[in-house]
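Below are the chains, spelled out letter by letter.
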Amino acid sequence: PGAADSVIPPPGKDPYPKKHPARCIFAGNLFWRKYAPDANAAVVNKLNALGGLLAAHGIRLFAIGTGDAKGLDPDFVTHLGAVPYEDTWNYFHHAQVGIELVKDARFMHNNESSKIYHYLRAGLPVVSEQGIPNNHVATESGIGLISESGNITEMAERIETAIETDWDRERGIRYIIDNHTWERRAEIYDGIIRGIAPAQAHTQEKANERRTR
């Protein structure tokens, strides 16, 4: 499972263009057309469609991360390229909502979305498509909404709702700190490892006894 840092940099200078006061951010891999053409096309097409719908309501869609961005429509989506990890927090601090998309609704997604933990750690409300294994984190945090997978119109509506809602962002931050930091992960696994180690040792001792008889 993924997690987030317990301590993150505080908000710094606004990194976004001033002409776009309403910001929706997608922080993730766009994939490379050479190696994963289907995944790249799926994400890029969704971002273009979503960006067009959001633009009609004065919301600008931004994307940060690696991958092939040539297919993105610059009229509706601003790609900021790869951003150093420490700087990503500032983009989250100055956005109004963070989003997560599924690559292809035909297949089950087994990988958690690490960006959901990061968005919430910065107090950024989340809108995620159905199909992400850890979507419950967004709703349990109290500052997240889930949209039907593949329904871009609904997702645009949920994003607009998220931007207009007066969220208790501190609740989302506290939820992540209490449940989904790397320290919390280590604490849980430490308990599991310490709990099963004696049982494993006991089983090995019995096996050794049987071999020596």
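To start, this report covers the structure provided alongside it. Since the structure is predicted, the reported quantities are computational estimates derived from the model, not experimental observations. Each chain carries its own residue numbering, running from 1 in the direction its sequence is written. Predicted model: local features are reported for residues with pLDDT of at least 70 only, side-chain atom pairs are reported and counted for 80 or more only, and whole-chain, interface and lining totals are derived from all residues. Excluded from the side-chain calculation are hydrogens and water; included are all heavy atoms of the structure.

Any two side chains of opposite charge can pair if their charged atoms end up close together. Between Lys or Arg on one side and Asp or Glu on the other, a salt bridge is scored when a side-chain nitrogen of the former is within 4 Å of a carboxyl oxygen of the latter. On inspection of all chains with the given rule, the structure shows 10 salt bridges. Arg174 is the partner of Asp178 in a salt bridge, and the nearest nitrogen-oxygen pair spans 3.4 Å. Taken together, the residues span about one helical turn, with Asp178 and Arg174 both in helix α6 (residues 169-179) at a distance of 4 residues. On the basis of relative accessibility, which here comes to 40%, the residue Asp178 falls in the partly exposed class. When accessible area is computed with a 1.4 Å probe and restricted to protein chains, residues below 20% of their type maximum are described as buried, those above 50% as exposed, and intermediate ones as partly exposed. Relative accessible area serves as the criterion here: at 45%, Arg174 is assigned to the partly exposed category. Salt bridges sharing common partners tie together Asp14, Lys18 and Arg23. Starting at the N terminus, helices and strands are each numbered in turn, a helix being any DSSP run of H or I of at least four residues and a strand any DSSP run of E of at least two.

All right, on to the environment of Met155 then. Structurally, the position occupied by Met155 is in helix α5 (residues 152-164). With relative accessibility at 0%, the residue Met155 sits in the buried group. Expressed as a C-alpha distance, the spacing of Met155 and Ile99, which sit 56 residues apart in the sequence, is 9.2 Å. Contacts are assigned to residue pairs that have any heavy atoms within 4.5 Å of one another. Contacts of Met155, omitting those with residues within four sequence positions, involve Leu50, Ile99, Glu100, Leu101, Val127, Ser128, Glu129 and Ser147.

Before going further, it helps to examine the packing of aromatic side chains. Under the pairing criterion, centres of Phe, Tyr and Trp rings, with the six-membered ring standing for Trp, must be within 6.5 Å; the plane angle then separates stacked pairs below 30 degrees from edge-to-face pairs above 60, leaving the rest tilted. For the structure on display, the rule yields 5 aromatic pairs. Note on Tyr16 and Tyr91: the rings are 5.4 Å apart at their centroids and 90 degrees apart in plane angle, and the pair reads as edge-to-face. One end of the pair, Tyr16, is in the segment before β1 (23-27); the other, Tyr91, is in helix α2 (residues 85-93), and 75 residues separate them in sequence. Comparing Tyr16 with Tyr91, the two get one shared label, buried.

Take the sheet that holds strand β3 (residues 77-79) next. Strands were regarded as paired on the criterion that DSSP finds at least two bridges between them. Across the sheet, which stays open at both edges, the 6 strands sit in the order β3-β2-β1-β4-β5-β6 with parallel pairing between neighbours. The open sheet terminates on both sides in strands that have one partner only, identified here as β3 and β6 (144-147). Strand-to-strand, the axes of this sheet are offset by a mean angle of 25 degrees, without reference to chain direction. Across 3 bridges, the pairing between strand β4 (residues 97-100) and strand β5 (residues 126-129) is parallel. Looking at the pairing, Ile99 lines up with Val127 of β5. The axes used here are C-alpha line fits, helices contributing only the stretch in contact, and every angle between their N-to-C directions lies in the interval 0 to 180 degrees. Here α5 sits on the sheet and contacts β1, β4, β5 and β6; the angle it forms with β6, its principal contact strand, is near 170 degrees.

Quick look at α2 now. Turning to α2, its buried residues number three or more, namely Thr88, Trp89, Asn90, Tyr91, Phe92 and His93. Those residues of α2 that are buried lie in contact with β1, β2 (60-64) and α3 (114-121).

Here we take up the environment of Gly65. By the element assignment, Gly65 lies in the loop between β2 and β3. Put simply, Gly65 and Phe31 are 34 residues apart on the chain and 9.5 Å apart in space, counted from C-alpha to C-alpha. Contacts of Gly65, omitting those with residues within four sequence positions, involve Gly28, His79, Gly81 and Ala82.

A positive phi is found at Phe31, a non-glycine position, where the angle reads about 70 degrees. Here Phe31 shows up in the loop between β1 and α1 (37-55).

What follows deals with a nonpolar patch on the surface. By definition, no residue in a patch forms a salt bridge, and every one has over 30% relative accessible area; like charges are joined within 9 Å, nonpolar side chains (Val, Leu, Ile, Met, Phe, Trp, Tyr) within 5 Å. Surface accessibility follows the Shrake-Rupley procedure with a 1.4 Å probe radius. Residue values consider only the protein chains on display as shielding. A surface patch of nonpolar side chains, about 370 Å² in accessible area, is lined by Ile188, Tyr189, Ile192 and Ile193. Tracing the backbone shows Ile193 in helix α7 (residues 182-212).

Let us now look at the side chain of His94. With respect to the element layout, His94 can be found in the loop between α2 and β4. The contact partners of His94, leaving out residues within four places of it in the chain, are Pro11, Gly12, Lys13, Asp14, Pro15, Tyr16 and Arg23.

Okay, the pairing of β5 next. A two-sided burial pattern is seen for β5, the buried positions comprising Val126 and Ser128 on one face and Val127 and Glu129 on the other. Looking at chain direction, β5 and β6 are connected through 4 bridges and run parallel. Bridge pairing in β6 links Val127 to Leu145. Viewed with both strands pointing away, a crossover whose connecting path from the first strand over the helix to the second turns clockwise is right-handed. The parallel pair β5 and β6, bridged by helix α4 (residues 135-140), forms a crossover whose chirality is right-handed.

Function-wise, these values are silent; they only describe arrangement.
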